Amino acid sequence: MPLKDNICSSEEYILFQKKLLEKSMESATTTEKPPHTPSPSRRFRTIVDKSRNSLNLSRNGLLSAFERSPLSRSRNGMDRSWSGMNRSRNGGMDGSRNGLDRSRTGLSPQDEEKRIKRFGSNRSMWEEKGKQNTPGGISPPRPYTPKIKTVTPDDDRLPPSHGPTTPGTDIIARKGFVGNTEFLRSPRKGDREAELTRLADFPPRNTSLIVDKIVAKYKEAAKQPFPYCVTFTLWATDNVNSYGRSMAQIFNLVGLRLVKGSVDEIELIPLEELKRPRIDVVVSCSGVYRDLFMNQMTLLDQGIKMAAEAKEAPEMNYIRKHSFQMTQELSCTLREAATRVFSNAAGSYSANISAWIKSNEWESETQLQRQFLARKCYAFNSDKPGMMEYKSEMFKAALRNSDITIQSLDLNGILSITDVPHYYDSDPTKVISALRFDGKVPLCLLSKSGTEGTDVHTLGETIRIDSMSKILSPEYYEKILAHNDDGVREISNCLRNMLGWAVTSGNVDTFLFEIANSIFIEDKDMCMRLRKMDNVSFRNLLATFVKAGEQGYWETSEVKIRRLRELKKFAESDFQ
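None of the values given here were measured: they were computed from a predicted structure.

**Student:** Describe the overall build of the protein, and please don't skip the residues or the numbers.
**Tutor:** Within the protein one finds 25 helices and ten strands. Each of the 576 residues in the protein was classed as buried or not, and the buried ones make up 43%. Once local pairs closer than 6 in sequence are excluded, the contacts in the protein between residues at least 24 apart make up 69%. By element, 52% of the accessible surface of the protein is carried by carbon and sulfur atoms, the whole surface being about 32,500 Å².

Structure below.
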């Protein structure tokens, strides 16, 4: 009999008991027992117990009959996982920021698609927006971030092992190199005829030819008609011996010339006569050039600012174009943004990169690049004569636009760029690459003036030719080892300078180090010969090879580098 609201009345209960008694008496006479039927009171208690057990947890903390259900949760706050989705205490889903967490395991691709259709994707908002705004659903690449952002005077420091030395200079007094001292003798005060005679041949006749070669080299490499900016490194000795050829090249690129009959006034060449855009320049002067040629630096600064203030189209005047960009970047006036002449601070010489290369205590290129910027960022201002102002941000903004770096050198056929360290010490090629937003490495050129005239080559070609014809030539190194007590030191210095060029410009072929290693290290007889002649220079030679291999400028095996380290330790122990 059905129970109403799970409650039995007394009359129904008595009637049901009578019928139950009659059936029990009938069943007693038969052999087969009827199926057991619980009493209403027991059935009532069973229903109540089941409902009570289904809503309560047992004392030992186990789940009740609902624990197999995917929607269940424990009373003690433990999260139950179902299909890779986490359940929090309040029944919500504890996953990613949008409330869902894709399971890394356990779901097939079909089930994953169904789950995404039901609950949505778990990708973050910025990725969704990036894919919506690009064709093909590909996220846009991040822009290139310059490696060097800020430079402070604290970046200017010397290696710990560097001792006190005399100030550096770029006047070379070695190997019979004699400068044109007549050019250094200034005329007597008021002798105008002597001044005109002194600068009668300025600019040199082949200046325009050299500039055309520079532009042609860039056009061949970059497939563009003209460079936007060229960075010059000016040296006093080379400027003296060539009668201002490097300065004349700057005049030609900018479109400047001396006023007829004057030596201290300049004017702009009209664009109709120039027949090409005015190319921007950045001038990095050596310390000796700053001391000797203050008037020439004044002319350069005045001419560049004159070009920036000329009312010409930016498409035909790259100086004006870049200066307007720098006014917005640095929040300065147009004349201040046209600052392009930089050097060391007063009384300071070189960038001290060669000191770090010599000590082998540098750790990364970025450290040396910050050193260069901290030393060479003092700006010359013709409006404030005699002052060198610290302008690191201005220097960085000016270098950032450079497409070419060039050094105009006057070599006499005996000296090469791997003989002295100051040429790579002031090379800004990799500094510019670290400053540019696109990370592009500028074209590095050398304008060499010799006995056969002036020619323009890339730095890589020049180092390759000089190394193979000198330090890696058996005729040359056998000669210096036989007739020179400092032959081992000459070899060590040349290879160290090659490493310096690799660090500052990256234009040194790796096979040059491989050839040098096979000649001076792998040859046992030559190795023992160098060690006996000069063990100190031999240890420096080994340190150069080890540093080149560790920093990746020499692509070689780890076995060779390990052998060089062991040989270096042996040489040091033998020296002690």
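Continuing now.
**Student:** Tell me about empty space enclosed by the protein, and name the residues and values.
**Tutor:** With the rule as written, the count across this model stands at one cavity of 30 Å³ or more. Of the voids in this model, the largest cavity is the one considered here, and its volume is about 60 Å³. A total of three residues in the lining of the largest cavity trace back to one element, the largest contributor, which is helix α15 (residues 365-376). When the residues that make up the lining of the largest cavity are grouped by side-chain class, the tally is four nonpolar, two polar and three charged.

**Student:** Please set out the packing of aromatic side chains residue by residue, giving values where relevant.
**Tutor:** Scanning the entire structure with this criterion turns up ten aromatic pairs. Taking 4.7 Å as the distance between ring centres and 50° as the angle between the ring planes, the aromatic pair formed by Tyr 228 and Tyr 318 counts as tilted. Of this pair, Tyr 228 sits in the loop between α6 (207-222) and β1 (229-234) while Tyr 318 sits in helix α12 (residues 318-330), and the two are 90 residues apart along the sequence. For Tyr 318, a relative accessible area of 10% translates into the label buried. Seen from their ring centres, Trp 362 and Tyr 553 are 6.5 Å apart, and the 45° between their planes marks the pair as tilted. Of this pair, Trp 362 sits in the loop between α14 (353-359) and α15 while Tyr 553 sits in the loop between α24 (535-550) and α25 (558-575); the two residues are 191 residues apart in sequence, bridging distant segments of the chain. Residue class for Trp 362 comes out buried when judged on its relative accessible area of 1%. Taken together, the ring pairs connect Phe 342, Phe 372 and Phe 395 into an aromatic cluster. The ring of Trp 362 carries the charged tip of Lys 547 above its face, separated from the ring centre by 4.9 Å.

**Student:** Summarise helix α19 (residues 459-469); cite the residues concerned and give the values.
**Tutor:** Among all positions of α19, only Leu 459, Gly 460, Thr 462, Ile 463, Asp 466 and Ser 467 are buried. Buried residues of α19, viewed axially, fall in a sector of 160°; they line one side.

**Student:** Explain the pattern of salt bridges to me, using residue names and the numbers behind them.
**Tutor:** Applying the stated criterion to the full structure yields 24 salt bridges. Glu 312 is the partner of Arg 278 in a salt bridge, and the nearest nitrogen-oxygen pair spans 3.0 Å. Here Arg 278, found in the loop between α9 (271-274) and β4 (280-285), pairs with Glu 312, found in the loop between α11 (294-309) and α12; they are 34 residues apart in sequence, far enough to count as distant. Owing to a relative accessible area of 19%, Glu 312 belongs among the buried residues under this scheme. Measuring nitrogen to oxygen at the nearest pair gives 3.4 Å for the salt bridge that ties Lys 560 to Glu 522. Here Lys 560, found in helix α25, pairs with Glu 522, found in the loop between α22 (510-520) and α23 (524-533); they are 38 residues apart in sequence, far enough to count as distant. Residues participating in the shared-partner salt-bridge network are Asp 301, Lys 305, Glu 309, Arg 335 and Asp 383.

**Student:** Explain the environment of Ala 221 to me, and be specific about the residues and the numbers.
**Tutor:** With respect to the helices and strands, Ala 221 occurs in helix α6. Residue classification places Ala 221 among the exposed residues on the basis of a relative accessible area of 53%.

**Student:** Quick one: what's the story with the environment of Met 306, residue by residue and with numbers?
**Tutor:** With respect to the helices and strands, the residue Met 306 is situated in helix α11. Once the C-alpha coordinates of Met 306 and Leu 256 are considered, the two residues, 50 residues apart in sequence, prove to be 9.5 Å apart. Setting aside residues up to four positions removed in sequence, Met 306 forms contacts with Ile 266, Glu 267 and Leu 268.

**Student:** Before we move on, can you summarise α6 with the specific residues and values?
**Tutor:** If you check α6, its first and last C-alpha atoms are 23 Å apart, about what 16 residues at 1.5 Å a residue would give, namely 22 Å. Restricting attention to buried positions, one finds in α6 the residues Thr 207, Ile 210, Val 211, Ile 214, Val 215 and Tyr 218. Here the buried residues of α6 occupy an arc of 135° about the axis, which is enough to place them on one side. Every exposed residue of α6 that faces more than 90 degrees away from the buried side is listed here: Asp 212 and Glu 220.

**Student:** Residues and numbers for the confidence of the model for the protein, please.
**Tutor:** On average, residues of the protein score 75 in pLDDT, and 64% of them reach the 70 mark or higher. In this model, residues 1-7 is a region of pLDDT below 50 whose contacts with residues beyond four sequence positions or in other chains number four contacts. Of the regions scoring below 50 in pLDDT, residues 165-189 engages in 46 contacts with residues more than four places distant in sequence or in other chains.

**Student:** Any details on the pairing of β1? Residues and values, ideally.
**Tutor:** Where burial is concerned, most of β1 is hidden: six out of the six residues are buried. Covered by surrounding structure in β1 are Cys 229, Thr 231 and Thr 233 together with Val 230, Phe 232 and Leu 234, the residues of both alternating faces. Where β1 lies against β4, six bridges are found, and the strand directions are parallel. Note on β4: the bridge partner recorded for Leu 234 is Cys 285. Inspection of the sheet shows β1 paired to strand β8 (residues 404-410) by four bridges, in the parallel sense. Across the sheet, Thr 233 pairs through a bridge with Gln 407, a residue of β8.

**Student:** Please give an account of the packing of α22 against α24 that cites residues and values.
**Tutor:** The description of two helices packed together rests on the angle between their axes and the distance between the axes. Two numbers describe how α22 lies on α24: the axes approach to 12 Å, and their chain directions differ by 145°. Regarding α22 and α24, the two cross each other, and that crossing is left-handed. Contact residues: α22 offers Phe 513, Ala 516, Asn 517 and Phe 520, while α24 offers Leu 541, Phe 545 and Ala 548.

**Student:** Can you lay out the side chain of Asn 344 for me, pointing to particular residues and giving the numbers?
**Tutor:** Note that Asn 344 resides in the loop between β5 (341-343) and α14. Residue classification places Asn 344 among the buried positions, given a relative accessible area of 0%. In terms of polar contacts, Asn 344 uses its side chain to reach the backbone carbonyl oxygen of Ser 350, at 2.8 Å. A distance of 3.4 Å separates a polar side-chain atom of Asn 344 from the backbone oxygen of Arg 375. For Asn 344, the residues in contact, after removing those within four places along its chain, are Cys 285, Gly 287, Arg 290, Tyr 349, Ser 350, Arg 375, Lys 376, Tyr 378 and Met 388.

Criteria and thresholds
- Residues numbered from 1 in each chain as written.
- Predicted model: local features only at pLDDT ≥ 70, side-chain atom pairs only at ≥ 80, totals over all residues.
- Heavy atoms only, no water.
- Helix = DSSP H or I, 4+ residues; strand = E, 2+ residues; numbered from the N terminus.
- Buried < 20%, exposed > 50% of the residue type's maximum accessible area, 1.4 Å probe, protein only.
- Contact = heavy atoms within 4.5 Å.
- Areas by Shrake-Rupley, 256 points an atom, 1.4 Å probe, with all protein chains shown as cover.
- 1 Å grid on protein atoms, 1.4 Å probe; cavity = no way out; pocket = protein on both sides within 12 Å on 5 of 7 lines; lining within 4 Å.
- Points joined across faces, edges and corners; volume = space filled by probe spheres on them.
- Nonpolar A, V, L, I, M, F, W, Y, C, P; charged D, E, K, R; others polar.
- Phe/Tyr/Trp six-rings, centres within 6.5 Å; stacked < 30°, edge-to-face > 60°.
- Lys NZ or Arg CZ within 6 Å of the ring centre and 35° of its normal.
- Arc of directions from axis to C-beta.
- Salt bridge = Lys/Arg side-chain N within 4 Å of Asp/Glu carboxyl O.
- Expected span 1.5 Å × (residues − 1).
- pLDDT = per-residue confidence, 0-100.
- Pairing = 2+ DSSP bridges.
- Axes fitted to C-alpha atoms, helices over the stretch in contact; angles between N-to-C directions.
- Left-handed = near helix turned anticlockwise from the far one by under 90°.
- Polar contact = N/O pair within 3.5 Å; in protein donor to acceptor, adjacent residues only side chain to side chain.

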